[in-house]
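Tertiary structure, described
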Amino acid sequence: MSTTTERRASVAAAAVAVLLAACAGAPGSGERSLMSDNVDAAGTPAYGFGQPASDAELARFYSSLPDGRDLPKGSGTVTQGKAIYEAQCVACHGDNLQGGLGDRLIGGRGTLVNGDPAKAPVKTVESYWPYATTLFDYIKRAMPLTAPDTLSDDEVYALCAYILSRAYVIRPDATIDAKALAAVRMPNRDGFISDVRPEKFPPVSQTPHRTSTIPPPK
Amino acid sequence: MSSFDNRHERAASSSADARRRFIGRGLGLAGAAASLPFASRAAAPAGAVERPVADDPAKVPGYPLDDESYGARSQFETEVRQRYKTATPLSSWTFTPLQESLGIVTPSGLFFERSHAGTAVIDPRRHTLFVHGLVARPRKYTMRDVKRFPSISRLLFLECSGNGLTEWSKPTLPTVQGTHGLTSTAEWTGVPLATILKEVGVRSNARWLLAEGGDGAAMTRSIPIEKAMKDCILAYGQNGEALRPEQGYPLRLLVPGFEGNMNIKWLRRLEISDAPFMTREETSKYTDIRPDGKAVQFSFEMEAKSVITSPSGGMQLEQPGFHEITGLAWSGRGTIRRVDVSVDGGGTWREAALQQPVLPICHTRFRLPWQWDGKAAAVLQSRCVDDTGYVQPTLGQIIALRGLNGPLGSIYHLNAIQSWQVANDGRVSNVHHY
């Protein structure tokens, strides 16, 4: 496990190592002494192209993991989120989060087991998404469609709060921050399984058959 | 759902013929065309320049060679990608016209597209790839840096895992462009991802790699680190030149054999982690609900699949007699070993010839001669086997295990045998026959 702090510390350690190695005139040797044994390929790079990426440069990127690691500081309330939603999201996702040009966001619980050939399962944040952290991640990087990556962290937390509240996942007076978001348990949290392919198919004779051939012209 | 606009082949070619006749009569000489360059260009098919056509091209000089040029296709070729009419063209996809495909390589201008926030326009001089996370040496690379590394080239197919999503419940789109046009093959050139991962020093607790695009969607997918080290490529070349913008210029990831959307375009960042990131595109999308309500996630490989590209839906066999049956087969798990073709809806099968060389994780062209008697209807099918022994299933076999789950319950990874019915008047249609 590696927290952001640990990762950033390792960046600093690597920088120190490079300096030490440079002083010693033995590229890579300093790194091996400072890097612990959990480094596979810490020796001298074969080519050394490119430049070190600094903390400051990497600060603009954060992809949160489901346990909340790397979620940024900040927070937002359901009430704040409602105002932002109505300004930024309503045109595509609808007054009642029912969808339109954009996906439907709420409802649909209980529709995933679907025996009805005429109806589709209703897949929404409420009914389908397994992790609330994904909501922050996706809104932050990709929404709104016509102006992505323009909302502040506080605004995105507030939108998460509003959508999760409308999905009856959190209380309407809730405040969402990094810790609270990672602690949210989504209704479909256990709804996913890993790939089961390649499948062992039953013989064709034991499977459904259908022929929709087109009759010959008169 | 079925708003995909199929242009009927015969109608298209007859209108093109009419246009050519008009141009030929009206502007018989090259000089006349030169005086009307704007109007003549407007009439040309996409990717072509309309030129005057002499009654006998052997009796006049052709148009002169330009000092500098890029090139255009013949004005008589009209095939284009067709967009599926999603609500917005910013998140949409276009289909490759497989019905006219020849051999195994897809022309770059006809390579299928899938983008989630339009096509990003990126100046390569300002593009940077960051590599960080569980690594000893976080680094950034300009495009010049990337191109300094030893390069490789490889022919690989890419297929959107949503290829065929309209075809689960009933035959829906009329042509092979609509039913199978989200697969294409190109020769890709770039740097093995493993080269750069070794440069940055991946830590022993690394398990996943996040790839992120520099487009408006900042498209992200988590990839197992074993796959990243095995055969992924940071590609900047496609079919002998730079990537097309819609294919991720200036840099994309290639994850051979895996779902198209994992081959992140406009690649700007790789983050190494000990767990998958559970991004939107690997949880709420690109997952499939089973009959028990559980959804299958991380369905990486595109399994063995084949389709007859000619004769195929929307075509018309003009007369009985010899017709070549030809098509494409591919497998994300390896190499196509065999393709069988049936003309009687799966009752009997004959082995097709495979165009050499047959390459792993690449379109494979098959061909079989056929005599059509012009009397009875025929149902044409192809069925492939890859070198893992996997046999392309019928739709019935897939439904028996995965269910249909209503319209759009099952969306992705439809690799069933496709059926084309040739009616006794020669008309070819998309049908279900399993």
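Residues numbered from 1 in each chain as written. Chains lettered and ligands numbered in written order. Predicted model: local features only at pLDDT ≥ 70, side-chain atom pairs only at ≥ 80, totals over all residues.

**Concerning the overall build of chain B**
Helices and strands together make up the secondary structure of chain B, namely 8 helices and 24 strands. Here the C-alpha atoms of chain B give a radius of gyration of 23 Å, agreeing with the 22 Å that 2.2 N^0.38 yields for 434 residues. Dimensions along the principal axes, computed over C-alpha positions, put chain B at roughly 70 × 60 × 40 Å. Counting every position in chain B, which comprises 434 residues, the buried fraction comes to 51%. (Helix = DSSP H or I, 4+ residues; strand = E, 2+ residues; numbered from the N terminus. Rg over C-alpha atoms; globule rule 2.2 N^0.38 Å. Buried ≥ 20, exposed ≤ 12 C-beta atoms within 10 Å, placed from the backbone.)

**Regarding the domain arrangement of chain B**
All names here are of chain B. Here chain B is described as being made up of domain 1 (1-78), domain 2 (113-290) and domain 3 (305-431). On a C-alpha basis, the centres of domain 2 and domain 3 stand 29 Å from each other. The interface of domain 2 with domain 3 comprises 26 residues on the first partner and 26 residues on the second. Listed by contribution, the elements that provide at least two residues to the side of domain 2 that touches domain 3 are β6 (152-159), α5 (176-180), β7 (183-192) and β14 (288-289). (Domains from an automatic or database assignment. Contact = placed C-beta atoms within 7 Å.)

**Side note on helix α8 (residues 395-402) of chain B**
Residues and elements named next belong to chain B. Counting buried positions along α8 yields 6 of 8 residues, so the element is predominantly enclosed. Along α8, the residues that are buried comprise Leu-395, Gly-396, Gln-397, Ile-398, Ile-399 and Arg-402. Of the surrounding secondary structure, the elements contacted by the buried residues of α8 are β14. Within two residues after α8, Gly-403 carries a phi angle of roughly 75°, on the positive side.

**Re the interface of chain B and chain A**
With 79 residues of chain B in contact, the opposing surface of chain A contributes 71 residues. Only β4 (128-133), β5 (139-142), α4 (143-148), α6 (193-200), β13 (267-273), β15 (295-297), α8 and β24 (428-431) of chain B provide two or more residues apiece to the side of chain B that touches chain A. Looking at which element gives the most residues to the side of chain B that touches chain A, the answer is α8(B), with 5 residues. Here the residues of the side of chain B that touches chain A sort into 35 nonpolar, 27 polar and 17 charged. (Nonpolar A, V, L, I, M, F, W, Y, C, P; charged D, E, K, R; others polar.)

**Comments concerning the sheet that holds strand β20 (residues 353-354) of chain B**
Residue and element names in this part refer to chain B. Strand order in the open sheet formed by 4 strands is β16-β17-β21-β20, and the pairing between neighbours is antiparallel. Strands with a single pairing partner mark the edges of an open sheet, and in this sheet they are β16 (305-310) and β20. Both β20 and strand β21 (residues 364-372) contribute to a ladder of 2 bridges, which runs antiparallel. Note that in β21 the partner of Ala-353 across the bridge is Arg-367. (Pairing = 2+ DSSP bridges.)

**Notes on unusual backbone geometry**
Looking along the chain, the bond that leaves A:Arg197 and enters A:Pro198 is cis, with omega of 0°. Tracing the sequence through the fold places A:Pro198 in the segment after β4 (192-194). Following B:Tyr249, the chain continues into B:Pro250 via a peptide bond in cis, with omega recorded as 10°. Relative to the elements of secondary structure, B:Pro250 occurs in the loop between β11 (241-242) and β12 (252-254). Of note, the phi angle at B:Ala218 is positive, near 40°, even though the residue is not glycine. With respect to the secondary-structure elements, B:Ala218 resides in the loop between β8 (208-213) and β9 (220-224). Looking at B:Ala218, the number of C-beta atoms within 10 Å reads 24, which means it is buried.

**Looking at the sheet that holds strand β1 (residues 82-83) of chain B**
Residues and elements named next belong to chain B. With antiparallel pairing, the 3 strands of this open sheet are ordered in space as β1-β2-β3. Looking along the sheet, the strands with just one partner apiece sit at the ends: β1 and β3 (113-115). Pairing analysis gives 3 bridges linking strand β2 (residues 92-95) to β3, with the strands arranged antiparallel. Residue pairing for β3: Trp-93 is matched across the bridge by Arg-114.

**Description of the confidence of the model for chain B**
Residues and elements named next belong to chain B. Summarising the model, chain B shows a mean pLDDT of 91, and 90% of its residues fall at 70 or more. A low-confidence stretch, residues 1-41 stays under pLDDT 50, and its non-local contacts, those more than four residues away or across chains, total 45 contacts. Among the prediction metrics, the complex's ipTM stands at 0.87, with pTM recorded as 0.88. (pLDDT = per-residue confidence, 0-100.)

**As for the pairing of strand β18 (residues 336-342) of chain B**
All names here are of chain B. Across the 7 residues of β18, 5 count as buried, placing the element largely inside the fold. Note: β18 against strand β22 (residues 378-386), 6 bridges, orientation antiparallel. Within the sheet, the bridge partner assigned to Val-341 lies in β22 and is Ser-382. Examined bridge by bridge, β18 and strand β19 (residues 350-351) share 2 bridges and lie antiparallel to one another. The residue of β19 that forms the bridge with Asp-340 is Glu-351.

**Description of the nonpolar core**
Most often, soluble globular proteins have nonpolar side chains that are buried together. Counting residues in each nonpolar core, the largest one holds 122 residues, and the members touching the most others are A:Leu135, A:Cys160, A:Ala161, A:Ile163 and B:Leu234. With near-sequence residues (within four places) excluded, B:Leu234 lies in contact with B:Val146, B:Gly190, B:Val191, B:Leu193, B:Ile196, B:Leu251, B:Leu253 and B:Leu267. Counting 10 residues, the second-largest nonpolar core is a separate cluster that includes B:Leu165, B:Trp168, B:Ile411 and B:Ala416. (Core = buried A, V, L, I, M, F, W, Y, C linked by C-beta atoms within 7 Å.)

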